[in-house]
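# Understanding the architecture of this molecule
Listed below, chain by chain, are the residues.
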Amino acid sequence: MRTTCKDLERELLAMIRPAIVARIALGLPVGWPMSRPQACVSVLAAAKQIRTLRGGFAIFGAEAAIQRVFDISGFSRIIPMVASEAEALQAIGR
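In this report, the structure presented in the accompanying data block is examined. Small disclaimer: the values here were computed from a predicted structure and weren't measured.

### Structural notes on the overall build of the chain
Within the chain one finds four helices and three strands. For the chain, the N- to C-terminal ordering of α and β elements is α-β-α-β-α-β-α. Looking at the chain residue by residue over its 94 residues, the buried ones come to 35%. Contacts spanning at least 24 positions in sequence make up 68% of the contacts within the chain whose residues lie at least 6 apart. Per element, the accessible surface of the chain, about 5700 Å² overall, is 56% carbon and sulfur.

Right, dumping it as structure tokens:
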């Protein structure tokens, strides 16, 4: 099954509930098309909503090209990007 940017956004936003402090560590498999603007916007929308609720959101395992896109766009100042799942869990307070 192929996941689209809208699918990703819908799934991330469905995990966010005001009554629960949301903490999401998103792993990016090799080849995930995060360099597409729609994907970045989907992830940024979820991250902003989680921050509003004082939750935590981090990305781990991103390829260097994806890291560059997030750095250039300024998204990496909003969303922590780390190498491993353990680092992502630490970044979100788990």
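### What about the nonpolar core?
Membership of the largest hydrophobic core comes to 20 residues, with the highest contact counts inside it found for L12, L26, V43, F57, I59, F70 and I79. Counting only elements with at least two residues in this core, the list comes to α1 (5-14), β1 (23-27), α2 (37-52), β2 (56-60) and α3 (64-73). The greatest single-element share of this core, amounting to six residues, is contributed by α2. Once you skip the residues sitting within four places of it in the chain, F57 turns out to touch L12, I24, L26, V43, A47, I50, I79, P80 and I92.

### Looking at the sheet that holds β1
The three strands lie next to each other as β1-β2-β3, forming an open sheet whose pairing is parallel. Only two strands of the sheet have a single neighbouring strand rather than two, namely β1 and β3 (81-82). Here β2 pairs with β3 via two bridges, running parallel. Residue pairing in the sheet places I59 in a bridge with M81 of β3.

### Some points on the packing of aromatic side chains
One pass over the full model with this rule turns up one aromatic pair. Between F70 and F75, the ring centres sit 5.7 Å apart and the planes meet at 75°, which makes this aromatic pair edge-to-face. Under the relative-accessibility criterion, F70 is labelled buried at 0%. A relative accessible area of 16% means that F75 is categorised as buried.

About the criteria used
- Residues numbered from 1 in each chain as written.
- Predicted model: local features only at pLDDT ≥ 70, side-chain atom pairs only at ≥ 80, totals over all residues.
- Heavy atoms only, no water.
- Helix = DSSP H or I, 4+ residues; strand = E, 2+ residues; numbered from the N terminus.
- Buried < 20%, exposed > 50% of the residue type's maximum accessible area, 1.4 Å probe, protein only.
- Contact = heavy atoms within 4.5 Å.
- Areas by Shrake-Rupley, 256 points an atom, 1.4 Å probe, with all protein chains shown as cover.
- Core = buried A, V, L, I, M, F, W, Y, C linked by side-chain atoms within 4.5 Å.
- Pairing = 2+ DSSP bridges.
- Phe/Tyr/Trp six-rings, centres within 6.5 Å; stacked < 30°, edge-to-face > 60°.

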